[in-house]
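Reading the structure
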Amino acid sequence: MTVTAVFDAVAELAPRIRAGLIERRDPLESENASGDTQLAADDWADTLFGERLTAIDGVGEYASEERDGVTDCGEGLSVAVDPLDGSSNLQSNNPVGTIVGVYDADLPARGRDLVAAGYVIYGPTTTLTVARDGTVRTEALVDGDRRPVERDQTLPGDPTVFGFGGGPDSWTPRFAAYAEGVQHELKCRYGGALVADVNQVLEYGGVFAYPELVSRPSGKLRHQFEGAPIAYVIETAGGASSDGRRSLLDRPIDSLHDRTPVHVGSRTYIDRLEEAFLQEVPQ
Ligand code: FDP
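Residues numbered from 1 in each chain as written. Predicted model: local features only at pLDDT ≥ 70, side-chain atom pairs only at ≥ 80, totals over all residues. Heavy atoms only, no water.

Section: the overall build of the chain
As a reminder, the rule being used: Labels follow the DSSP assignment, with helices taken as runs of H or I lasting at least four residues and strands as runs of E lasting at least two, numbered in each case from the N terminus. Throughout, radius of gyration means the C-alpha value; the globule benchmark is 2.2 Å times the number of residues raised to the power 0.38. Residue contacts are counted whenever heavy atoms from the two residues lie within 4.5 Å of one another. Every accessible area reported is derived by Shrake-Rupley at a probe size of 1.4 Å, with residue values counting cover from the shown protein chains alone. His is not counted, nor are the chain ends; Lys and Arg add positive charge and Asp and Glu add negative charge. Every charge is mapped onto a representative atom, which is NZ of Lys, CZ of Arg, CG of Asp or CD of Glu.
Scanning the chain for helices and strands turns up six helices and 15 strands. Against the globule reference of 19 Å for 283 residues, the chain gives a C-alpha radius of gyration of 18 Å, in line with a compact fold. Considering only contacts within the chain whose residues lie at least 6 apart along the sequence, 61% involve residues at least 24 apart. Carbon together with sulfur atoms contributes 44% to the accessible area of the chain, which is approximately 12,100 Å² in total. Of the side-chain charges in the chain, 25 are positive and 46 negative, and the distance between the mean point of each set is 3 Å.

Concerning the pairing of strand E7 (residues 114-122)
Rules: A 1.4 Å probe rolled over the protein chains alone gives each residue an accessible area, and that area as a share of the maximum for its type sets the label: buried under 20%, exposed over 50%, partly exposed in between. A pair of strands counts as paired when DSSP detects no fewer than two bridges linking them.
Within E7, eight of the nine residues are buried, which leaves it mostly tucked inside the rest of the structure. With eight bridges connecting them, strand E6 (residues 96-103) and E7 associate as antiparallel partners. Paired with Val96 across the strands is Tyr122, a residue of E7. Bridge count for E7 against strand E8 (residues 126-132) is seven bridges, and the pairing is antiparallel. Bridge pairing links Ala116 to Arg132 in E8.

Observations regarding the site of the ligand
Selection rule: Any residue with a heavy atom positioned within 4 Å of a molecule or strand is treated as near that molecule or strand. Any N or O atom pair separated by 3.5 Å or less is treated as a polar contact, with the protein-specific requirement of one donor-capable and one acceptor-capable atom, and with residues adjacent in sequence counted only for side-chain atom pairs. Think of a 1 Å grid over the protein atoms and nothing else: a 1.4 Å probe that fits but is trapped marks a cavity, an open set flanked by protein within 12 Å on at least five of seven lines marks a pocket, and residues with an atom within 4 Å of a point count as lining. Pocket or cavity membership: a molecule qualifies when more than half of its atoms sit within 2 Å of the grid points of that site.
Looking at the ligand, there are 13 residues lining it, with Asp85, Ser88, Tyr190, Tyr210 and Glu226 nearest. One of the side-chain nitrogen or oxygen atoms of Tyr190 is found 2.6 Å away from an oxygen atom of the ligand. Relative to its unbound accessible surface of 460 Å², the ligand loses 80% to contact with the protein. Of the pockets mapped on this structure, the ligand occupies the largest pocket.

Quick look at the layout of surface pockets
The line we're drawing: Grid points are joined across faces, edges and corners, and a volume is the space filled by probe spheres set on the points. Three classes are used: nonpolar for Ala, Val, Leu, Ile, Met, Phe, Trp, Tyr, Cys and Pro, charged for Asp, Glu, Lys and Arg, and polar for all others, with Gly counted as polar. For the domain bounds, the source is a domain assignment made automatically or taken from a database.
Within this model, the largest pocket holds a volume of roughly 520 Å³. Around the largest pocket sit 28 residues that line it, and Gly86, Ser87, Ser88, Lys220 and Arg222 are the ones nearest its centre. For the lining of the largest pocket, the secondary-structure elements that each account for two or more residues are strand E2 (37-39), strand E5 (77-85), helix H4 (194-204) and strand E13 (206-210). If you tally residues by element for the lining of the largest pocket, the top one is E5, at three residues. Looking at the lining of the largest pocket residue by residue, the classes come out as ten nonpolar, seven polar and eleven charged. Both domain 1 (2-150) and domain 2 (161-277) contribute no fewer than three residues apiece to the lining of the largest pocket. Taken as a whole, the second largest pocket spans an internal volume of roughly 310 Å³. Forming the walls of the second largest pocket are 16 residues, and the residues nearest its centre are Ile121, Thr127, Asn199, Gln200 and Glu203. Sorting the residues of the lining of the second largest pocket by element identifies E8, strand E10 (145-150) and H4 as the ones contributing at least two each. Tallying contributions element by element places H4 first for the lining of the second largest pocket, with five residues. Broken down by class, the residue content of the lining of the second largest pocket amounts to six nonpolar, eight polar and two charged.

Examining the domain arrangement of the chain
Here is the rule: A quick way to say it: buried area is the sum, across both parts, of accessible area lost when two parts are put together, with a 1.4 Å probe.
Partitioning the chain into domains gives domain 1 (2-150) and domain 2 (161-277). The C-alpha-based centres of domain 1 and domain 2 are spaced at 21 Å. In this assembly, 46 residues from domain 1 lie in contact with 32 residues from domain 2. Across the interface of domain 1 and domain 2, roughly 2,900 Å² is buried in total on both sides, 59% from carbon and sulfur atoms. Its largest share of buried area at the contact with domain 2, domain 1 owes to Arg110, Arg112 and Tyr119, together 20% of the area lost on that side.

Digging into the packing of H4 against helix H5 (residues 223-236)
Cut-off, in case you're wondering: In this description, a line fitted to the C-alpha atoms serves as the axis of each element, helices being fitted only across the stretch in contact, and the angle between N-to-C directions of two axes falls anywhere from 0 to 180 degrees. The scheme is simple: roughly parallel for angles under 35 degrees, roughly antiparallel for over 145, roughly perpendicular for 65 to 115, oblique for anything else. The hand of a helix crossing depends on one turn: near helix anticlockwise from the far one by less than a right angle means left-handed, and clockwise means right-handed.
Across the interface, H4 lies against H5 with an axial gap of 11 Å and an inter-helix angle of 20°. Taken as axis vectors, H4 and H5 run roughly parallel relative to one another. The two elements H4 and H5 cross, and the hand of that crossing is right-handed. Taking contact as the criterion, the partners of Leu194, Val198 and Leu202 in H4 are, on H5, Glu226, Ile230 and Ile234.

Here we look at the sheet that holds strand E9 (residues 135-142)
Reading across from one edge, E4-E3-E5-E6-E7-E8-E9-E10 is the order of the eight strands in this open sheet, with mixed pairing throughout. Edge positions in the sheet fall to strand E4 (71-72) and E10, since each has one partner strand and no second. Inspection of the sheet shows E8 paired to E9 by six bridges, in the antiparallel sense. Across the sheet, the residue bridging to Thr127 is Ala140, located in E9. Those strands touched by H4 are E5, E6, E7, E8, E9 and E10, and its axis lies near 105° from that of E7. Strands strand E3 (59-64), E5, E6, E7, E8 and E9 of the sheet are contacted by H5, whose axis makes an angle of about 100° with E7.

This is the structure we're talking about:
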């Protein structure tokens, strides 16, 4: 089945990507399609994932945060990849990752068209977390083996952590007011790689946000490559997601590299955010 083949390929490539990061930490002169500085590792990981995933029977389109457009490669599902999420963490040797969304629609596609999504974390252990068929599973990728770590992950009932990107000086007043409440209840842990910051919310419960900013109303993260797949994983695990007014899976998308405010985590914290935002700006 195509979804299985996609995540088999990701599991196979991940240790190779990890091993190759050390010599690819320098910036390139080019920028990616979103205007971000690219490291050699971003470009290299995109080439490897692109070659591998477009060769799978049943994959019809491939798109990546590092490429302008969509690559047609046959008939079937569409795969959208952030090949190296959090790559600015390479310099300080903090975790980075890969995010994969598998859509049953032509790209750009809405989150509701996802049939599976997952991410690799190149952390102390290399892990692959995949949401499909209503469950979330994590495996450790060790010496060519795939060792199950958790088979049916759900967010715990007693949330403990939060991580908010952007910084208080950049937040809008309504997000700053929300953050003020959260910080008295949960412990702050923010590392600067979406995959790792979200994974701790999956593990411990709580809330992650890269919200709207005064200078950037749509925030920083890319909807197709980051917001929607991450929302799919968290919602499949029993959590919730929001762009500030609705589930990220229902957010419309106009073009491949659109950005979106991202809020994901335990339902109680996402509901509270939406209630606060709705009160402030009647929609
Ligand atoms: P990065 O710029 O290092 O690629 O996708 C972009 C991303 O990392 C996310 O992984 C992360 O959540 C966020 O940006 C970090 O941004 P800040 O440096 O503003 O915290």
